[in-house]
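Observations on the three-dimensional arrangement
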Amino acid sequence: MPTVALLNGHTFAGGLMLAQAHDYRLAPDPKGFLCLNEVLFGAPLKPPMAAIFRHRLAPQAYRTVALEGRRFTGQQAVEYGLADATAASLDDALRFIAERQLTDKAKAGVYGVIKTELHKDLLKELRKEGVDREEARFNEDQRLEGERKEFGKVWFEQWNKENKSKL
């Protein structure tokens, strides 16, 4: 069946990720912000979470959401693809559902099959094998980055020692 996330206030970090897992998202209006703020508090965007946003958003929007930690108003969230519409109340959400006849969509029995095919690449990445593979890749990338930074520190200390000014 179709799922709808009614975001009735601030939706940040994991809350925004959970909202992205729904078929439709209704952003708060007029108050409330949507924000993927991991970059602001130093948390990495782990592979499963990144996969959901990568799947849902256009590349430019994904870059803005992931690398800037920007706070989006409801209307901006619609413009960037984080939400499908805005809603100030449950009545707005029910109107959205009625306009799209979402309560009737599952009756034919193929909604889930179509949804699975629509999201097949994302589902492949989110299944255990995909998560394990991506986590291993992520951890190896982090290990190599740590080595690179450590090498850089040692190299700079050595260079600095050898190139002391004689003045």
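Our structure's up above, just so we're on the same page.
A brief report on the enclosed structure follows.

Conventions we followed
Residues numbered from 1 in each chain as written. Predicted model: local features only at pLDDT ≥ 70, side-chain atom pairs only at ≥ 80, totals over all residues. Heavy atoms only, no water. Helix = DSSP H or I, 4+ residues; strand = E, 2+ residues; numbered from the N terminus. Rg over C-alpha atoms; globule rule 2.2 N^0.38 Å. Buried < 20%, exposed > 50% of the residue type's maximum accessible area, 1.4 Å probe, protein only. Contact = heavy atoms within 4.5 Å. Patch = residues over 30% accessible without salt bridge, like charges linked within 9 Å, V, L, I, M, F, W, Y side chains within 5 Å. Areas by Shrake-Rupley, 256 points an atom, 1.4 Å probe, with all protein chains shown as cover. Salt bridge = Lys/Arg side-chain N within 4 Å of Asp/Glu carboxyl O.

**Structural notes on the overall build of the protein chain**
- Along the protein chain, the regular secondary structure elements total 10 helices and five strands.
- The C-alpha atoms of the protein chain give a radius of gyration of 22 Å, which is well past the 15 Å a tight globule of 167 residues would have.
- Expressed as a percentage of its 167 residues, the buried residues of the protein chain come to 31%.
- Taking as baseline every contact in the protein chain between residues at least 6 positions apart, the subset at least 24 positions apart corresponds to 61%.

**Some words on a nonpolar patch on the surface**
- Where nonpolar side chains cluster on the molecular surface, the patch consists of Phe-151, Trp-155, Phe-156 and Trp-159 and spans about 500 Å² of accessible area.
- Examined against the element boundaries, Trp-155 turns out to sit in helix H10 (residues 128–162).

**Some thoughts on the environment of Glu-150**
- Note that Glu-150 resides in helix H10.
- Relative accessible area serves as the criterion here: at 44%, Glu-150 is assigned to the partly exposed category.
- Taking the C-alpha atoms as reference points, Glu-150 and Thr-11, 139 residues apart in sequence, are found 37 Å from one another.

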